[in-house]
There are 2 protein chains.
Amino acid sequence: MKYVYSFKEGNAKMRDVLGGKGANLCEMISIGLPVPMGFVVSTEVCKLYYENNLSLSDEVVNQIEENILALEKTTGKKFGDKTNPLLVSVRSGARSSMPGMMDTILNLGLNDEIVNSLSEKMDPRFIYDCYRRFISMYSDVVRGFNKDEFEKILEKTKCDKNIKYDYELTKDDLKDLVSKFKNKYKELANEEFPSDPKVQLFEAIKAVFRSWNNERAIFYRKMNNIPDEWGTAVNVQEMVYGNLNEKSGTGVVFSRNPATGENKLYGEYLMNAQGEDVVAGVRTPKGIETLKEVMPDCYDELVKICNLLEKHYLDMQDMEFTIENGKLYMLQTRNGKRTGKAAVKIAVDLKNEGLIDEKEAILRVSENDIDTLLHPMFDESDLKNKEFVCSGLAASPGAGCGKVYFSAEDVKKAYENGEKDIILARLETSPEDIEGMNMARAVITVRGGMTSHAAVVARGMGTPCVSGCESLKIDDEKHEIAYDGGVIKEGEYVSVDGTNGKVYLGKTKTEEASISGDFEEFMSYVDNTKKLGVRANADNYRDAKRALELGAEGIGLCRTEHMFFDEERIFSFRKMILASDIKAREKALNEILPYQKDDFVKLFEVMNGFPVVIRFLDPPLHEFLPKEESEIEKLALDLNVSVSDLTNKIKQLKEFNPMMGHRGCRLAITYPEIAKMQTKAIIEAAMDAKKKGIDVHPEIMVPLVGEVKELKYLKEIIKDTAKETLNGEKLDFMIGTMIEVPRGAVLADEIAKEAEFFSFGTNDLTQMTFGYSRDDAGKFLNDYINKGILKSNPFEKLDINGVGKLVKEAAVKGRSINKNIELGVCGEQGADPDSIKFLSSANINYVSCSPYRIPIAKLAAAKAEIDKN
Amino acid sequence: MKYVYSFKEGNAKMRDVLGGKGANLCEMISIGLPVPMGFVVSTEVCKLYYENNLSLSDEVVNQIEENILALEKTTGKKFGDKTNPLLVSVRSGARSSMPGMMDTILNLGLNDEIVNSLSEKMDPRFIYDCYRRFISMYSDVVRGFNKDEFEKILEKTKCDKNIKYDYELTKDDLKDLVSKFKNKYKELANEEFPSDPKVQLFEAIKAVFRSWNNERAIFYRKMNNIPDEWGTAVNVQEMVYGNLNEKSGTGVVFSRNPATGENKLYGEYLMNAQGEDVVAGVRTPKGIETLKEVMPDCYDELVKICNLLEKHYLDMQDMEFTIENGKLYMLQTRNGKRTGKAAVKIAVDLKNEGLIDEKEAILRVSENDIDTLLHPMFDESDLKNKEFVCSGLAASPGAGCGKVYFSAEDVKKAYENGEKDIILARLETSPEDIEGMNMARAVITVRGGMTSHAAVVARGMGTPCVSGCESLKIDDEKHEIAYDGGVIKEGEYVSVDGTNGKVYLGKTKTEEASISGDFEEFMSYVDNTKKLGVRANADNYRDAKRALELGAEGIGLCRTEHMFFDEERIFSFRKMILASDIKAREKALNEILPYQKDDFVKLFEVMNGFPVVIRFLDPPLHEFLPKEESEIEKLALDLNVSVSDLTNKIKQLKEFNPMMGHRGCRLAITYPEIAKMQTKAIIEAAMDAKKKGIDVHPEIMVPLVGEVKELKYLKEIIKDTAKETLNGEKLDFMIGTMIEVPRGAVLADEIAKEAEFFSFGTNDLTQMTFGYSRDDAGKFLNDYINKGILKSNPFEKLDINGVGKLVKEAAVKGRSINKNIELGVCGEQGADPDSIKFLSSANINYVSCSPYRIPIAKLAAAKAEIDKN
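Residues numbered from 1 in each chain as written. Chains lettered and ligands numbered in written order. Predicted model: local features only at pLDDT ≥ 70, side-chain atom pairs only at ≥ 80, totals over all residues. Heavy atoms only, no water.

J.: What is the right way to look at the overall build of chain A in this model?
T.: Across its full length, chain A carries 35 helices and 31 strands. C-alpha atoms of chain A, sized along the principal axes, occupy 105 × 60 × 55 Å. Of all 869 residues assigned to chain A, the portion counted as buried reaches 58%. Put simply, 68% of the contacts in chain A that link residues at least 6 apart link residues at least 24 apart. Here chain A has roughly 35700 Å² of accessible surface; of this, 47% comes from carbon and sulfur atoms. Here chain A contributes 119 positively and 141 negatively charged side chains, and the mean placements of these two sets differ by 2 Å. (Helix = DSSP H or I, 4+ residues; strand = E, 2+ residues; numbered from the N terminus. Buried < 20%, exposed > 50% of the residue type's maximum accessible area, 1.4 Å probe, protein only. Contact = heavy atoms within 4.5 Å. Areas by Shrake-Rupley, 256 points an atom, 1.4 Å probe, with all protein chains shown as cover. Lys, Arg positive; Asp, Glu negative; His and termini not counted. Charge placed at Lys NZ, Arg CZ, Asp CG, Glu CD.)

Here it is, written out as structure tokens:
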């Protein structure tokens, strides 16, 4: 088995074995670039190291020794040689970049003898400085001694000498520090600092392997879905010194601007400095363009290498270089991280430059990149001055600031008084708050997770939202919020960053999102590639229009109940709910009919040529009734009934578990007149639109079906009502069902006998398959994820193992009965890339998601398609 | 195709074709009993009649005509013959007895000519009476004219003549009535009354077919699970007349006493009367034994026939007979309906008489029979005098009366003041009410279905309960209930019949249930036959003991949370819930530990040698916290925290859908210290019991598992804690899980890798598979059943199609990984016979149900076993 690779033996394709950094170092060597020589201990060794109780096998040790010999030969230097010592860096490098998460040791190979000898030939200040840095790094990384122990000694020396900066230390100061550092080491380790470079090296390699499992690396992997079993490689490389003299330096350079994507070299450097100094921020680095004057040859060579590497990797490169005494060395290259905006511009530019094709361009842009393009953001520099209020969940992305109000009603009043910049802050939201949420620039809630009512609705509206701000205490009576640090009163300005889940005090400058030409071009690549349909969840004209602008191919879910919250409508709707007999109910429904119809006409007009899936009334009726005593009193007055009768009726409608209560098709089965009214509204609207020349494709969707007879019963009502409404005229429309109750999935073959389409409601299906109420699951989901019981929140990422299995099997069952059945997914996970990949493989026809997530879903769909081939 | 059968052509096995009555008439003919001759129009014709738009095919008509000819030949009488007319009865008779649900016409074949002619030869009073009865029956049954039209004429005549009873009418009165009835018919029908006996006959046959679908027949079938498609047969039989003269009579006789089972002829008769007269109750029938003196020959013949029929059918017979002018005719025999007590006695007696074997004996007793034996009942005669208050759902069988109270607290106070006869009436119950429910003789709730909290808990306790009494209005403040008819104040007596779902005013005599020797013997047959295990759901010593007495083979579900409601315990438990850190929580748990341990020791002692399945804490914690302000204030005082802090904490724990919230294993995962305490209590208790010589078989059950990692995580905690607790000592115990979340069923193969047993929690599995909250589903389940969308309440009868499919597949998946895995079911449906039959076929090892339902479950299990062979 080969465990250790010389830089000459590897290439860029060997990331899995060599890690990203190692593979790219090899690749640069192979195309002849100036890279200090070295070797890579493979990721395989990392795995073995853990399997063998944190030890290296003889075979691995032998291969490392052979590579040391080879490296000595190549460099003409020798480990431990007094006059020409080999000094190396030992760096981690995993398959996927984990910047700063693991450990590095520089200047390895030094000992007293070498340092004494070198200090006579070279700048002794430089050589002692290298040595003291090595001792403290080694102590920290290999032995795990607290860095502060060494920092304290350094600080004391500076204090005694009354100096501020490290570079003010003299040669003797540094020599003294070396000796103090070594004593400290001895004190902590109970042994001398190891002088044998080989001992140093093997200990350093093992320490880097161990750093794969330090806390921050584990956390980073969890955050970035990097498997624990990958392991890191270790790169052992000859040292070069940017801090050797005034003809030396070090820097970072990008082949294009990572912020804007502009095709122009971008970077910075420091002369007479090591990488650490750039990071420390003591001296301000200079723009890369100034290097042209300082070291014109090096600059020209760097530009040439940058161009070459970009063409070689066919992507924007992020490179590290060091100039040692006038000679340029490349220390790293990798595909550069970039902003969403830059990602799109670079992908489109590279495609237009002929370097990559459309599919490659698609793969260069992540769904997160697209996400950032779709929401307004705070101006970072302005944000720096704001007082931080609290963190919560980044429930709906985007930034918004305005005056804070504590009820939907107060928001409405302020809005009607001409106030446009409004923030709604609530303990939690309920469907009654929708109008207020719609008027607000952003929403804050104290309770509720990523899939709470506030989060779901806000994402649907594209309103920024931070949910679960548990440190806030809202006092509805005093109209104020208490936070750790003070109190915010009604009407004060707050800034809500839904992208990062943070709330600040005051007004912050906001940058509006814009869909640039590059973005448009990029989306055309996506549309050319993807096969999965992407529709929008949209309940009104405005959302539908926005969805269409963002590329929706129809409406996959129109929640008719959202049409009832207008003040003029809610009264009729409440009359309907509280009707004591069918006549009164029908009368109230007749008042609602024209509104619904009108809304549907507008939807059909916007979605000309595209399908529009309209779902029958879904939530339990009590959600539409007032909760506050004063509201109940008002309603009683309006309805001309006694407050106690009304209170009683409301009590009767109350449910223990509304999620599993009298809702969905159960409502229409108890009150067929609701189904009749909604059918009539849809059919009349479609006919009106059709007469205006609109190409209408209505799909009538029955929610919460768990038994085919439910669908059969309602289908007959829909068909009869449609026939009566059409009165001989012709209209094509479909009747289908949501599959969102586990029983519906289990019996999908039976249900397919009556359904022209299924729309998998993966929100409710997830709730019921797991038995998790999404409004309550916040109480334990974090624990579940932290304890490794779940990998992710199943309301955000489809649970492929369980819920996904039901969906896939139901799809197969449905198609076995009706091979042309249309299959869609309208849950929140409909825009999640992993979920889309799975759904695409399950042969789902379309997903439906919030308008703002449509480009994201499309991109994921295109990638899923590329992935298939 | 043969559609019509002479009585000589059929036998008892042909029930499906001939209906029960027809098949038995044929059978009696075939064994030579005196039965008036006739023929049967088969059930097949009924189906065809409906398929052919309510008409009879030519073939059927021909076969009927042939049978009329044959009947004329056999009887020597002729349809329409003036001197020797054939008169027949036309009666319904379905495969399964539907007493009184369908229509009958007697005396068919009469017309003016025949009546005039007969009135010269026979008692004219008798013949006119027959004729007027025929006209009104025909009008009612064939034409659907309201009976009252004819009753009014009769009443007017009686009024005019100033007489009270029909038999006081003279020949002329009756002749006059005939003429008035015929005029009324003409007026209503717009045509003359048909005089042709064949026309009469065909119309009557069709009318009987139509009566299969009258409202009460449809309702009866729904109640008794009789398929709509069976149809009825029609029996056409020569009339015999018990009212011909003083040597005639009619009666009903049982071969054994249907109330007690005593092996002694039982019945009653009336001389000079028709069947109608017995029913009308105008004259009081005499005991059958007196017939011996009145007509000794007939009596002896009847006794002989009764014995013969019982031996022939191997079951107690219910027979109708008529004596016409001294000659005995048998008109019907069927297996007699009987009380539960009689059913058991008859089955055991028949077995001991050597007529049937154990298996036959088992099949002779229904689960309902057993049910009635297990609960106290009201004395029927005493109940007659009570004022009816309301009907509700028969949620938990048995009868109880006492003084009514409106809160668990008031019940407790009364109980502590020495009051033992207490009724608890609540809007609905919650876990806090358990203690009060336990002290009450019966429970009434206004809201909630058959599977509401009150119903489930009451059934578990064996406390009678009537739930869903929606007509009641409880006024908690005034401490009174308003019902349709008055107001009941706190402390007044009410009588609650949970077997029939009725509530009465006042105190009613109650008969206690007793397990007689016959019952014990019968259960030994059951135990010899059944294979399915039957365990009890029992949470305390008392229930466990009762369960053992009733034949439980272990405890299948001990809900540990029910152990926390004692006053001294709930405080520690609340401290645990409200603990702000793990230390405080552990401290509170340590206070609970000795109680739990003590409870478990007792359970093990009672269940010596049997398994005891103990479930970890399951309900959401907020269920244990007080809801009333005053209670919260008290708790705050006890806990030494501020009321507002406590209120806040309680608010935070509140859930939107507690059923799907922070409960089950989710609690133990968030708070592993709870799992540790419960494990410790179980293991310590088992060791203590073991040391006393008890044979202990603890099974530790983790609830609500949907993901194998949940079980894995907790299993480690259980194992570690057990190891620590055992401290080197040995104890066999099992660790398993409930399968009650759909995901758990879908992924049962994965979960089986970590589980030694599964217990299917079909209550929750039904809730989540359907998406029905059982506390709320009452709002639509009735509609669903009435509209034919569901056949039955899936919380009472397992939904074999959907939930059952998940159970069956999960069982197969579980066994595929671990072929010895123990599979149980502990949902409410565990005692439902149909569900047991299904579960038995799915190779489940045991069911677990309320103690009171154990004998029922065992019987169903035995029948399922017999059914397999």
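More follows now that the structure is in view.
J.: Please clarify how the packing of aromatic side chains should be interpreted in this entry.
T.: Centre distance and the angle of the planes are the two values used to describe a pair of aromatic rings. All names here are of chain B. Per the counting criterion, the structure on display carries 42 aromatic pairs over all chains. Geometrically, the ring pair formed by Phe 134 and Tyr 138 is edge-to-face, given 5.8 Å between the ring centres and 65° between the ring planes. Of this pair, Phe 134 and Tyr 138 both sit in helix α5 (residues 124-141), separated by four residues, roughly a single helical turn. We note that Phe 134, like Tyr 138, is buried. Ring geometry for Phe 145 versus Tyr 185: centroids 5.8 Å apart, planes at 65°, classification edge-to-face. One end of the pair, Phe 145, is in the loop between α5 and α6 (147-160); the other, Tyr 185, is in helix α7 (residues 171-189), and 40 residues separate them in sequence. (Phe/Tyr/Trp six-rings, centres within 6.5 Å; stacked < 30°, edge-to-face > 60°.)

J.: Looking at this structure, I do not really get the pattern of salt bridges. What am I missing?
T.: Should their charged atoms come close, side chains of opposite charge can pair. All names here are of chain A. What the rule picks out here adds up to 134 salt bridges over all chains. Between Glu 203 and Lys 206 there is a salt bridge, and its shortest N-O distance comes to 3.5 Å. Here the residue Glu 203 and the residue Lys 206 both occupy positions in helix α8 (residues 197-211), the gap between them amounting to three residues, near one helical turn. In this structure Glu 203 comes out as partly exposed when scored by relative accessible area, which is 26%. (Salt bridge = Lys/Arg side-chain N within 4 Å of Asp/Glu carboxyl O.)

J.: What exactly am I supposed to notice about the packing of helix α20 (residues 517-529) of chain B against helix α35 (residues 854-868) of chain B here?
T.: Between two packed helices, the angle of one axis relative to the other and the distance separating the axes together describe the packing. Residue and element names in this part refer to chain B. Two elements in contact, α20 and α35, have axes whose closest approach is 8 Å; the angle formed by their N-to-C orientations is 45°. When the axis of α20 is compared with that of α35, the two are oblique. Classified by chirality, the crossing of α35 by α20 is left-handed. Facing Phe 519, Phe 522, Met 523, Val 526, Asp 527 and Thr 529 of α20, the residues of α35 in contact are Pro 855, Lys 858, Leu 859, Ala 862, Glu 865 and Ile 866. (Axes fitted to C-alpha atoms, helices over the stretch in contact; angles between N-to-C directions. Parallel < 35°, antiparallel > 145°, perpendicular 65-115°, else oblique. Left-handed = near helix turned anticlockwise from the far one by under 90°.)

J.: Hey, could you run me through the side chain of B:Asp539 in this one?
T.: Residue and element names in this part refer to chain B. Residue position: Asp 539 is located in the loop between β24 (533-537) and α21 (541-549). Polar side-chain contacts of Asp 539 include one of 2.9 Å to the backbone nitrogen of Arg 559. Polar side-chain contacts of Asp 539 include one of 2.5 Å to the side chain of His 562. Every residue in contact with Asp 539, bar those within four places of it in the chain, is listed here: Leu 557, Cys 558, Arg 559, His 562 and Met 563. (Polar contact = N/O pair within 3.5 Å; in protein donor to acceptor, adjacent residues only side chain to side chain.)

J.: I would appreciate a short explanation of the relation of the copies chain A and chain B in the present structure.
T.: Both copies of the chain are related by one operation, a rotation about an axis with a shift along it. Mapping chain A onto chain B is achieved by rotating through 180° and translating by 0.2 Å along the same axis, at an RMSD of 0.3 Å. Such a turn and shift between the copies fits a two-fold axis. Closest approach to the rotation axis within chain A is made by the C-alpha atom of A:Asn657, at a distance of 2.2 Å. (Least-squares fit on C-alpha atoms with pLDDT ≥ 70 in both.)

J.: For this particular structure, what's the right way to read the sheet that holds strand β14 (residues 399-405) of chain A?
T.: Residues and elements named next belong to chain A. Ordered by their spatial adjacency, eight strands build an open sheet running β12-β22-β21-β14-β15-β16-β17-β13, and the pairing between neighbours is mixed. A single partner strand is all that each edge strand has here, and the edge strands are β12 (388-391) and β13 (393-396). Mean inter-strand twist for the sheet, computed between neighbouring axes without regard to direction, equals 30°. In the sheet, β14 pairs with strand β21 (residues 493-497) via five bridges, with the strands oriented antiparallel. Residue pairing for β21: Lys 403 is matched across the bridge by Tyr 493. Strands in contact with helix α17 (residues 408-416) are β14 and β15 (422-426); relative to β15, the strand with the most contacts, it is inclined by about 170°. (Pairing = 2+ DSSP bridges.)

J.: Would you mind going over the interface of chain A and chain B with me for this structure?
T.: Accessible area lost when the parts come together is the quantity often used to give the size of an interface. Contact residues are listed per partner, giving 52 residues for chain A and 52 residues for chain B. Of the roughly 5000 Å² buried between chain A and chain B on both sides combined, carbon and sulfur atoms contribute 56%. When the buried area of chain A at its contact with chain B is split by residue, A:Phe656, A:Met660 and A:Arg743 rank highest and sum to 15% of it. Counting every contact that joins chain A to chain B gives two salt bridges. The salt bridge involving A:Arg743 is made with B:Asp799; its shortest N-O contact spans 2.6 Å. Secondary-structure elements contributing two or more residues to the side of chain A that touches chain B are α25 (643-653), α26 (665-670), α28 (708-726), α29 (742-746), α31 (762-770), α32 (778-786) and α33 (800-817) of chain A. With five residues, the top contributor of residues to the side of chain A that touches chain B is α33(A). For the side of chain A that touches chain B, the per-class residue count stands at 21 nonpolar, twelve polar and 19 charged. (Buried area = accessible area lost by both parts, 1.4 Å probe. Nonpolar A, V, L, I, M, F, W, Y, C, P; charged D, E, K, R; others polar.)

J.: So what exactly am I meant to see when it comes to the pairing of strand β27 (residues 697-702) of chain B here?
T.: The side chains of a regular strand alternate between both faces of the sheet. All names here are of chain B. With five of six residues buried, β27 lies mostly within the body of the structure. The pairing of strand β26 (residues 611-615) with β27 spans five bridges and is classified as parallel. Within the sheet, the bridge partner assigned to Arg 615 lies in β27 and is Met 701. Relative to strand β28 (residues 734-739), β27 runs parallel, the two sharing four bridges. Across the sheet, residue Met 701 finds its bridge partner in β28, namely Gly 736. Handedness of the crossover is the feature at issue here: the chain leaves β27, passes through helix α28 (residues 708-726), returns alongside β28, and the resulting connection is right-handed. (Right-handed = clockwise from strand over helix to strand, strands pointing away.)

J.: Before we go on, may I ask you to explain the pairing of β26(B) in this structure?
T.: Residue and element names in this part refer to chain B. Within β26, five of the five residues are buried, which leaves the element mostly enclosed by the surrounding structure. Where burial is concerned, the two faces of β26 agree: the one with Pro 611, Val 613 and Arg 615 and the one with Val 612 and Ile 614 are both buried. The sheet contact formed by strand β25 (residues 555-559) and β26 spans three bridges and is parallel. When the sheet's bridge partners are listed, Ile 555 is paired in β26 with Val 612.

J.: Mind showing me how you'd approach the nonpolar core here?
T.: Generally speaking, a soluble globular protein has its nonpolar side chains buried in company with each other. Judged by nonpolar contacts, the single largest core of 260 residues is most densely connected at A:Phe600, A:Phe604, A:Phe758, B:Phe600, B:Phe604 and B:Phe758. Aside from chain neighbours lying at most four places away, what touches A:Phe604 is A:Val612, A:Ile614, A:Ile682, A:Ala685, A:Ala686, A:Ala689, A:Ile694, A:Val696 and A:Pro698. (Core = buried A, V, L, I, M, F, W, Y, C linked by side-chain atoms within 4.5 Å.)

J.: Would you mind showing me how to read the sheet that holds strand β19 (residues 480-483) of chain A here?
T.: In any sheet, the strands associate via hydrogen bonds between backbone groups, in a parallel or an antiparallel arrangement. Residue and element names in this part refer to chain A. Taken in spatial order, the three strands line up as β18-β19-β20 in an open sheet, and their pairing is antiparallel. This sheet does not close on itself; its edge strands, each paired only once, are β18 (473-475) and β20 (486-489). Each strand axis lies, on average, 20° off the axis of its neighbour in the sheet, ignoring direction. Bridge count between β19 and β20: four bridges; the pairing is antiparallel. Counted as the bridge partner of Glu 480 is Lys 489 from β20.

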